[in-house]
Amino acid sequence: MRKSVALIVATGLLVALAGCSSSSDSAAAGCTPPATAGAASDLISATTDPQNPAGTFGTAPTLTVNTPVDLQTTQVTTLIKGTGATLPAGGVVSLDYILADGTTGAISSKTPFDGSSYVIAPVSSINLPGLRTALTCATEGSRLAIAIPPSEEVDPASSTSGIPTDSVVMIVDVKGALPARADGAVQPAQAGFPSVALGPDGRPGITIPSGSVPTTASTAVLKRGDGATVAAGDGVWVQYTAVSWNTKAVTGSTWSDGSPTQVTAASDGSSKVPDLVGQTVGSQYISIVPPTVTDGSTTGDPTVYVVDVLGVTPVVSSTQ
């Protein structure tokens, strides 16, 4: 039975968080962390035992720090270095965390560290800029001690309540890291499909050929990944672009929306993107979805999809 992972919401800080088999991100192998260790993050422990400040990954920590914590930019100290995939800025993270006020030390929010209720979200959707910074380039299996100043607790453009006055401190266990783009082996082009050119970040540009509108569905693999095979009912994280064959206009794009999305794979055509079932994690494929013909009547706009299959996780549900 597939488990549903509850979305943990920390009011005012992680409120925008949206939840493994994964694929490594070759582009992230040379990732340069934007945040480094400092005097503040070095003082954060996951236990009260000075001989064992890291504790045990996956086990609920006891966040210990001398308050008040004063700093100007986000700092992150790696208490346990994981050996899994590297998390790029645009990737999807699974994590447990405990968050406390940097002035009083009071715990503000936390996940239960019970293996079933934890956060899974695109990094770009996290409404805590300092945490986005701290997570970038972290590796799966790592435990991080993070200190975030008030100026990096909110996005100024979206804040309606101003800048907080207290810093925050966190312990974060990085349970999973999914890439921001497919990293499979490039496959030979197949005739009859629109051409696809990738931008530096992996965003596809799709060129619709001239000629008649396609009347049959077809799919071709552009990059073949070596990860898990997608089954019906899986919660699949994808990047995709959809283009109308007739108007040549983009009708949907996670790249434009700013972050990957999770869809439930289905073999009956009900999924938000077509032909996920049977694809492998790390693959990129192109699908042509023709208009529907019923009793001689044609409906719908023929659409071309280019889909990056990033990873499979439990289906995320939101609880508040």
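Residues numbered from 1 in each chain as written. Predicted model: local features only at pLDDT ≥ 70, side-chain atom pairs only at ≥ 80, totals over all residues. Heavy atoms only, no water.

1. A look at the overall build of the chain
Definition in use: Helix and strand assignments follow DSSP, with helices taken as H or I runs no shorter than four residues and strands as E runs no shorter than two, numbered in order from the N terminus. Here's how the labels work: a residue is buried when its accessible area is under 20% of the maximum for its type, exposed when over 50%, partly exposed in between, all with a 1.4 Å probe on protein chains only.
Counting its regular elements, the chain contains two helices and 20 strands. In the chain, which comprises 320 residues, the share counted as buried stands at 49%.

2. Brief notes about the state of the cysteines
Just so we agree on the cut-off: Criterion for a disulfide: a pair of cysteine sulfur atoms at a distance within 2.5 Å.
The tally for this structure, following the rule as stated, stands at one disulfide. Put simply, Cys31 and Cys137 are joined by a disulfide, and their sulfur atoms are 1.8 Å apart. Here the S-S torsion is close to -70°, and the disulfide linking Cys31 with Cys137 is therefore left-handed. Note that Cys31 is positioned in the loop between strand S2 (21-22) and strand S3 (75-80) and Cys137 in the loop between helix H1 (129-135) and strand S7 (143-148), a separation of 106 residues in sequence. Owing to a relative accessible area of 8%, Cys137 belongs among the buried residues under this scheme.

3. Observations concerning the packing of aromatic side chains
Condition: Between 30 and 60 degrees the pair is tilted, below 30 it is stacked and above 60 it is edge-to-face, where a pair is any two Phe, Tyr or Trp rings, Trp via its six-membered ring, whose centres lie within 6.5 Å. Two conditions define a charge sitting above a ring: the NZ of Lys or the CZ of Arg must be within 6 Å of the ring centre, and it must be within 35 degrees of the ring normal.
For the structure shown, the criterion picks out one aromatic pair. Geometrically, the ring pair formed by Tyr240 and Tyr305 is tilted, given 6.4 Å between the ring centres and 40° between the ring planes. Of the two residues, Tyr240 sits in strand S13 (residues 235-244) while Tyr305 sits in strand S19 (residues 303-313), which places them 65 residues apart along the sequence. Side by side, Tyr240 and Tyr305 carry an identical accessibility label, which is buried. Residue placement shows Lys175 over the ring face of Tyr118; its charged tip is 4.7 Å from the ring centre.

4. Let's talk about the side chain of Ser287
Keep this limit in mind: Counted as a polar contact is a pair of N or O atoms within 3.5 Å, where, for protein atoms, one must be capable of donating a hydrogen and the other of accepting one, and residues adjacent in sequence contribute only when both atoms are in side chains. Contact between two residues is taken to exist if any of their heavy atoms lie within 4.5 Å; hydrogens are not considered.
Position of Ser287 among the secondary structure elements: in strand S16 (residues 284-289). At 2.9 Å, the side chain of Ser287 and the side chain of Thr219 are in polar contact. A distance of 2.7 Å separates a polar atom in the side chain of Ser287 from a polar atom in the side chain of Asp275. Not counting residues within four places of it along the chain, the set of residues in contact with Ser287 comprises Ser218, Thr219, Pro274, Asp275, Thr303, Val304 and Tyr305.

5. Here we look at the nonpolar core
To keep it simple, the criterion reads: Only buried residues count toward a nonpolar core. Its members are Ala, Val, Leu, Ile, Met, Phe, Trp, Tyr and Cys residues joined through side-chain atoms within 4.5 Å.
One finds Val93, Leu131, Leu135, Ile146, Met170 and Val172 to be the most contacted residues of the largest nonpolar core, which totals 25 residues. At the level of secondary structure, the elements contributing two or more residues to this core comprise strand S4 (92-101), strand S6 (119-122), H1, S7 and strand S8 (168-178). The leading source of residues in this core is S8, at five residues. Apart from residues no more than four positions distant in its own chain, Ile146 is found in contact with Ile44, Thr74, Gln75, Val76, Leu131, Ala134, Val168, Val169, Met170 and Val172.

6. Here we look at unusual backbone geometry
In this structure, Pro68 follows Thr67 across a cis peptide bond, with omega equal to 0°. Non-glycine residue Phe113 carries a positive phi angle of around 50°. By secondary structure assignment, the location of Phe113 is in the loop between strand S5 (107-110) and S6. Its identity as a non-glycine residue notwithstanding, Lys248 has a phi of 65°, on the positive side. Note on placement: Lys248 falls in the loop between S13 and strand S14 (250-253). Residue Lys248 is classed as partly exposed on the basis of its relative accessible area, which comes to 45%.

7. Regarding the layout of surface pockets
To be explicit about the condition: Definitions used throughout: a 1 Å grid over protein atoms alone; a cavity as a set of points that fits a 1.4 Å probe which cannot get out; a pocket as an open set with protein on both sides within 12 Å along at least five of seven lines; a lining residue as one with an atom within 4 Å of a point. Grid points are joined across faces, edges and corners, and a volume is the space filled by probe spheres set on the points.
Computed from the structure, the second largest pocket encloses a volume of approximately 230 Å³. Around the second largest pocket sit 16 residues that line it, and Gln187, Pro188, Ala189, Val196 and Leu222 are the ones nearest its centre. At the level of secondary structure, the elements contributing two or more residues to the lining of the second largest pocket comprise strand S10 (195-198), strand S12 (218-224) and S16. Take the lining of the second largest pocket: its biggest share by element is four residues, from S12.

8. With respect to the environment of Ile163
Mapped onto the elements of the fold, Ile163 is located in the loop between S7 and S8. According to the relative accessible area criterion, Ile163 is partly exposed, its value standing at 45%.

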